[in-house]
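# Coordinate inspection notes
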Amino acid sequence: MSRTAQNYEFQQWWNKQRHSFLDSSDDNPPSSSAAASSSSSSSSLAVDLTSSPTATTKGHHTRSARQLSWLWLLRFHKLTASVAWLTDSSISLLRTANRRISNHHRSPSAYSSSSRLNKIIRIFLILVLLLLFLELLAYRRGWHFTPPSVESAEALVERLYAKWLEIRADYLAPPLQYLANVCIVLFLIQSLDRAVLMLGCFWIKFRKLKPIPPVSYAAPDVEAAENYYPMVLVQIPMCNEREVYQQSIAAVCIQDWPRERMLVQVLDDSDDPDTQVLIKGEVQKWQQKGVQIVYRHRFVRTGYKAGNLRSAMSCDYLKDYEFVAIFDADFQPAPDFLKKTIPYFKGNDELGLVQTRWAFVNKDENLLTRLQNINLSFHFEVEQQVNGIFINFFGFNGTAGVWRIKALEDCGGWLDRTTVEDMDVAVRAHLSGWKFIYLNDVKCLCELPESYAAYKKQQHRWHSGPMQLFRLCFVDVLRSKLSVGKKANLILLFFLLRKLILPFYSFTLFCIILPLTMFLPEAELPAWVVCYVPGLMSILNILPAPRSFPFIVPYLLFENTMSVTKFNAMISGLFRLGSSYEWIVTKKLGRSSEADLIVLAEKESDPLRSSSESGLDNLNKLEASKKTVKRKRNRLYRKELSLAFILLTAAARSLLTAQGIHFYFLLFQGISFLVVGLDLIGEQVS
């Protein structure tokens, strides 16, 4: 019974396939006799299937040669479709790469800032290609299986290869192995540091440790007491932030804080006259609504952000203010931000800074923002929280924090001697004895850079500045009154391990030493260094963002890809190269958030709606100016492309010695460098 049902199902399937793929070249006419021939062939097929002894004994259908040919034709059709899709994708990728290569233009400043490292990488690429050619020649001659000696070699090429083997084994492999061992030790120390930080984070979660404010401004019995609320200054530094100025000013102006106890400073360093007009109009609109807000513009932009903040703090009307909250132009604090942060200062005169966590409105925009979210989630959830709970010190993130003005004045205020003015002021405040608190449950919305060009510039500034600061404050740390443990933490962990050693070993070990070991097999990197320990560290890094677990492999590869940028920035900052003092504002796109909905709701219910007609004119100007903005384009990154070819060449060499884990790592890491070098990650501009 079941056999008959199975045969009937097969007849139905075969009839459908036959009607779909049989052409009109059969003997019977296709209109009237097709159904008859189909039913007759199906019935004969059923008879053959039911009467077949092979089907009875083996438990499956036997098919005729014609049926099998049609089945193989269907499979071939699917295979052809897959190959066509892969071909179209490859052609599209090659066209995109060719278009970007032909349209690529580099600015002279970008060339001069990284030309030294770029030249070294190119020389390394040429050397690797020559070594691959030599190894392929040796493999073809069979010298891999029976290595020749200088004495027994007959041909000149064979004698040269034998001499190369001696030089490789006696002079090149030992120093390379020594450098590899040093990098492995540094790698293990840094991995141990990450593991200790994770244990500290687990302990905080297990014991539910968190700062507790001594007072709360939400209590109804204290809201009427006007003097109970301290005077708070809110600063919004910005420079040509036409995409985000409106939402950041609005989010600050709707803070749930008495208006007479809060002053907002919009510190505009824009050099674009149209942007200045737009920001002025936005400030005037909120002034008409009763908000104490002032607009400040500097004609000479000295000191960048640090100079802007220092200039604003010198105003005479700020002498009565006790605290200052700082928000970059793309940050949108919740209305209760001040009520959640200011209470921690009450009764704690040693507290100088309250830092909150960043939350991202565009973390799921593309692969680049997802990978950034993994990194920053670990930074805030683990590094900042653990350091804040156990040692009351961490690096100020430059925004979404509240400073006690007395602490800023005590440590010397804002200085423009580095590109990380936030870390600079935090270190000096720590040396002066001030304590910090980090609030992991208070989040401030902001925006991640969506293009690789903006992200790369940001990372260059973030990794060159700490080295500048380390050179300037090393002696001050040694002379400070801090305990020996805090001095060791500041020098060994905060600066050396996390700011210098991390980019050094990640670039040297995985981008230089590993490819070289393929051509100098006498020096080896164990598989656990290449695969297992990095995989374990990636799992630890991704734990604070559990939804990102599907991106663990791209995250591992991308972190190694970014090591060339971080290494270049670290070297330029350490040796005071020209590019280390380059301060470029990170490009924002103005992503919407919940704060925008609040502002829109207020606009709809605002009785003074007629007073904002000038704001509509400003918005019209903004839309008109957006049309004249210079067209964006994706770029090419030559260092990343050169390293991609180096790693892919080393992967080809590893095939000759059948090193499986090394081959796959080099292959996928090379593809990762290639994708980044062609700017195929992040925002794509058509």
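These figures come from a predicted structure and were not determined experimentally. (Residues numbered from 1 in each chain as written. Predicted model: local features only at pLDDT ≥ 70, side-chain atom pairs only at ≥ 80, totals over all residues. Heavy atoms only, no water.)

### Overview of the side chain of His463
Let me state the cut-off plainly: Labels follow the DSSP assignment, with helices taken as runs of H or I lasting at least four residues and strands as runs of E lasting at least two, numbered in each case from the N terminus. For this analysis, a polar contact is any N or O atom pair within 3.5 Å, provided that within protein one partner can donate a hydrogen and the other can accept it, and provided that sequence-adjacent residues contribute only side-chain to side-chain pairs. Contacts were defined at the residue level, with two residues in contact if any of their heavy atoms lie within 4.5 Å.
Looking at the secondary structure, you find His463 in helix α14 (residues 452-479). A polar contact of 2.9 Å, which involves the side chain of His463, links it to the backbone oxygen of Gln459. With residues up to four places along the chain from it excluded, the contact list for His463 reads Lys566, Ala569 and Met570.

### Notes on the UniProt feature "transmembrane region" (unreviewed entry) in the chain
Counted only if it meets this: UniProt positions are given in the numbering used here, feature names are shortened, and annotations may be inferred rather than shown by experiment.
Within this numbering scheme, the UniProt entry marks residues 120-139, 178-204, 490-519 and 636-655 as carrying the feature "transmembrane region" (unreviewed entry). Within residues 178-204, the helical portion is 100% and the strand portion 0%, while the C-alpha atoms at the span's ends are 39 Å from each other.

### Some thoughts on the layout of surface pockets
Definition in use: Cavity means a closed set of points on a 1 Å grid over the protein atoms alone, one where a 1.4 Å probe fits but cannot get out, pocket means an open set with protein on both sides within 12 Å along at least 5 of 7 lines, and lining means a residue has an atom within 4 Å of a point. Grid points are joined across faces, edges and corners, and a volume is the space filled by probe spheres set on the points. Polar here means any residue other than Ala, Val, Leu, Ile, Met, Phe, Trp, Tyr, Cys and Pro, which are nonpolar, and Asp, Glu, Lys and Arg, which are charged; Gly is therefore polar.
Approximately 410 Å³ is the volume attributed to the second largest pocket. Around the second largest pocket sit 22 residues that line it, and Arg357, Lys363, Asn373, Ser377 and Ala545 are the ones nearest its centre. Listing elements by their share of the lining of the second largest pocket, those giving two or more residues are β5 (351-360), α11 (367-390) and β7 (435-446). It is α11 that contributes the most residues to the lining of the second largest pocket, five residues altogether. Class assignment for the residues of the lining of the second largest pocket results in ten nonpolar, four polar and eight charged.

### Comments concerning helix α8 (residues 273-288)
Each α-helix turn comprises 3.6 residues. Residues three or four places apart therefore point the same way. Let me state the cut-off plainly: Each residue after the first adds 1.5 Å to the expected span of a helix. Accessibility here uses a 1.4 Å probe with only protein chains present; expressed as a share of the type maximum, an area under 20% marks a residue as buried, one over 50% as exposed, and anything in between as partly exposed.
With 16 residues, α8 extends 23 Å from end C-alpha to end C-alpha; this agrees with the ideal 22 Å at 1.5 Å per step. Thr275, Gln276, Leu278, Ile279, Gly281, Glu282, Val283, Lys285 and Trp286 are the residues of α8 that are buried. Two residues or fewer past α8, Gly290 is found with a positive phi of approximately 95 degrees.

### Considerations on a positive patch on the surface
Here is the rule we go by: Residues enter patches when their relative accessible area tops 30% and they take part in no salt bridge; the joining distance is 9 Å for like charges and 5 Å for the nonpolar side chains Val, Leu, Ile, Met, Phe, Trp and Tyr. Residue exposure ignores everything except the shown protein chains as possible cover, and the areas themselves are Shrake-Rupley values with a 1.4 Å probe. Salt bridge, as applied in this entry: a Lys or Arg side-chain nitrogen positioned within 4 Å of an Asp or Glu carboxyl oxygen. The sign given to each residue is positive for Lys and Arg and negative for Asp and Glu; His and the chain ends receive no count. Where a charge sits is defined by one atom per residue type, namely NZ (Lys), CZ (Arg), CG (Asp) or CD (Glu).
Positive charge collects at one region of the surface, where Arg116, Lys119, Arg122 and Arg638 lie side by side. The leading source of residues in the positive patch is helix α5 (residues 108-141), at three residues. Here Arg116 lies in helix α5.

### Quick notes on unusual backbone geometry
If you check the backbone angles, Asn240 has positive phi at about 55 degrees while not being a glycine. Counting through the fold element by element, Asn240 comes out in the loop between β1 (232-238) and α7 (245-253). Although it is not a glycine, Tyr304 adopts a positive phi angle of roughly 55 degrees. Summarising the element assignment, Tyr304 is placed in helix α9 (residues 304-313).

### A short note on the pattern of salt bridges
Considering all chains together, one arrives at 22 salt bridges under this definition. Glu322 is the partner of Arg404 in a salt bridge, and the nearest nitrogen-oxygen pair spans 3.8 Å. Of this pair, Arg404 sits in strand β6 (residues 401-404) while Glu322 is found in the loop between α9 and β4 (323-326), placing the two residues 82 residues apart along the sequence. Across the salt bridge formed by Asp424 and Arg428, the nearest N and O atoms sit 2.9 Å from each other. Taken together, the residues span about one helical turn, with Asp424 and Arg428 both in helix α13 (residues 421-431) at a distance of four residues. For Asp424, a relative accessible area of 0% gives the class buried. Residue classification places Arg428 among the buried positions, given a relative accessible area of 11%. Salt bridges linked by common partners bring Glu135, Arg168, Glu522 and Arg653 together as one network.

### Here's the deal with the environment of Asp364
By the secondary structure assignment, Asp364 is in the loop between β5 and α11. Remark: the alpha-carbon pair of Asp364 and Ser548, spanning 184 residues in sequence, is separated by 10.0 Å. The residues contacting Asp364, other than those within four sequence positions of it, are Thr369, Arg370 and Arg547. Only 3.4 Å separates the side chain of Asp364 from the side chain of Arg370, close enough to count as a polar contact.

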